[in-house]
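Remarks on the overall topology
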Amino acid sequence: MMVTLRELVPEDAGELLRLQHQLDQESKFMLLEPDERQASLCQVKEMLESFLVAETSILIGAEVDNHLAGYLSVRGGSVRRNRHSAYIVIGIQKQYQGNGIGAGLFREMDIWAMNNGIVRLELSVMTHNQAALALYIKNGFEIEGTKRKSLIIDGEWVDEYYMSKILPKEKRIEDQI
């Protein structure tokens, strides 16, 4: 399987929206339920345009056979006090999980983050999502705490871990100048 990792651009809006709808359908680990995503193609295109101009944000896609199989969103802070920090969201289609796509997306994210002044990466994950938890720990994230009763899924309370990764000082680009 040939996987291409690249920054998403506004022309990818249709394919990204298709992938997000598919992830909403096949996973209870994503935030939105299947009928909740209301974004139009135009809104997704505008969102991709905003990522392109933001210095502290990027949206990376994983393509297989010219279709998006996964994505990783990095949204950085917009003011001086938090521009070093970014919140990430990752989604990979079920059929492509376990093939190294997540690890590849994290490698691309780390390279980009180190070159763009990001020091702190953070995310949240449902405490029972063992596959994602293993991926995040393998890629250097640590649990900072538990968000109790963070979500309601199928009428049940779900806790989330809040996780972060601090990029090593010796690798940050601003320290090499």
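Anything mentioned here points back to the structure above.
Criteria and cut-off values
Residues numbered from 1 in each chain as written. Predicted model: local features only at pLDDT ≥ 70, side-chain atom pairs only at ≥ 80, totals over all residues. Heavy atoms only, no water. Helix = DSSP H or I, 4+ residues; strand = E, 2+ residues; numbered from the N terminus. Expected span 1.5 Å × (residues − 1). Buried < 20%, exposed > 50% of the residue type's maximum accessible area, 1.4 Å probe, protein only. Arc of directions from axis to C-beta. Contact = heavy atoms within 4.5 Å. Axes fitted to C-alpha atoms, helices over the stretch in contact; angles between N-to-C directions. Parallel < 35°, antiparallel > 145°, perpendicular 65-115°, else oblique. Nonpolar A, V, L, I, M, F, W, Y, C, P; charged D, E, K, R; others polar. Salt bridge = Lys/Arg side-chain N within 4 Å of Asp/Glu carboxyl O. Polar contact = N/O pair within 3.5 Å; in protein donor to acceptor, adjacent residues only side chain to side chain. Pairing = 2+ DSSP bridges.

**Remarks on helix α1 (residues 13-26)**
- For α1, built from 14 residues, the straight-helix expectation of 20 Å at 1.5 Å per residue is met to within 8% by its first-to-last C-alpha distance of 20 Å.
- Where α1 is concerned, the buried positions are Ala13, Leu16, Leu17, Leu19, Gln20, Leu23 and Asp24. End-on, the buried residues of α1 take up no more than an arc of 160°, which puts them together on one face.
- Those residues of α1 that are buried lie in contact with α2 (41-53), β2 (57-64), β3 (67-76) and β4 (85-92).

**Examining the packing of α1 against α2**
- Where α1 contacts α2, the axes come no closer than 9 Å and their chain directions differ by 110°. Relative to α2, α1 is oriented roughly perpendicular. Where α1 approaches α2, its residues Ala13, Gly14, Leu16 and Leu17 are matched on the opposing element by Leu41, Val44, Lys45, Met47 and Leu48.
- Among the residues making up the contact of α1 with α2, the classes are represented as 7 nonpolar, 1 polar and 1 charged.

**Overview of the pattern of salt bridges**
- Throughout the structure, instances matching the rule amount to 10 salt bridges.
- One salt bridge in this structure joins Arg83 and Glu55, with 3.0 Å as the shortest N-O distance. Taken together, the residues Arg83 in the loop between β3 and β4 and Glu55 in the loop between α2 and β2 connect sequence positions 28 residues apart.
- Look at Arg83 and you get partly exposed, because its relative accessible area is 32%.
- Each of the salt bridges in this network shares a partner with another, and the network as a whole consists of Arg6, Asp12 and Glu63.

**Considerations on the side chain of Ser27**
- Within the fold, Ser27 resides in the loop between α1 and α2.
- A polar side-chain atom of Ser27 sits 2.9 Å from the main-chain amide nitrogen of Phe29.

**What to know about the sheet that holds β2**
- Within the open sheet, the 7 strands sit side by side as β1-β2-β3-β4-β5-β7-β6. Their pairing is mixed. The sheet is open, and its two edges are formed by β1 (3-7) and β6 (142-153), each paired on a single side. When the angles between neighbouring strand axes are averaged without regard to direction, this sheet yields 25°.
- Inspection of the sheet shows β4 paired to strand β5 (residues 120-126) by 3 bridges, in the parallel sense. Its bridge partner lying in β5, Ser85 is registered against Arg120.

**Some words on the pairing of β3**
- Across the 10 residues of β3, 8 count as buried, placing the element largely inside the fold.
- Summarising the sheet, β2 and β3 pair through 8 bridges and their orientation is antiparallel. Paired with Ser57 across the two strands is Arg75, which belongs to β3.
- Here β2 hands over to β3 after 2 residues, with Asp65 in that stretch at a positive phi of 50°.
- Taken together, the 7 bridges between β3 and β4 define a ladder with antiparallel strand orientation. In the sheet register, Tyr71 faces β4, and the bridge partner there is Gly91.

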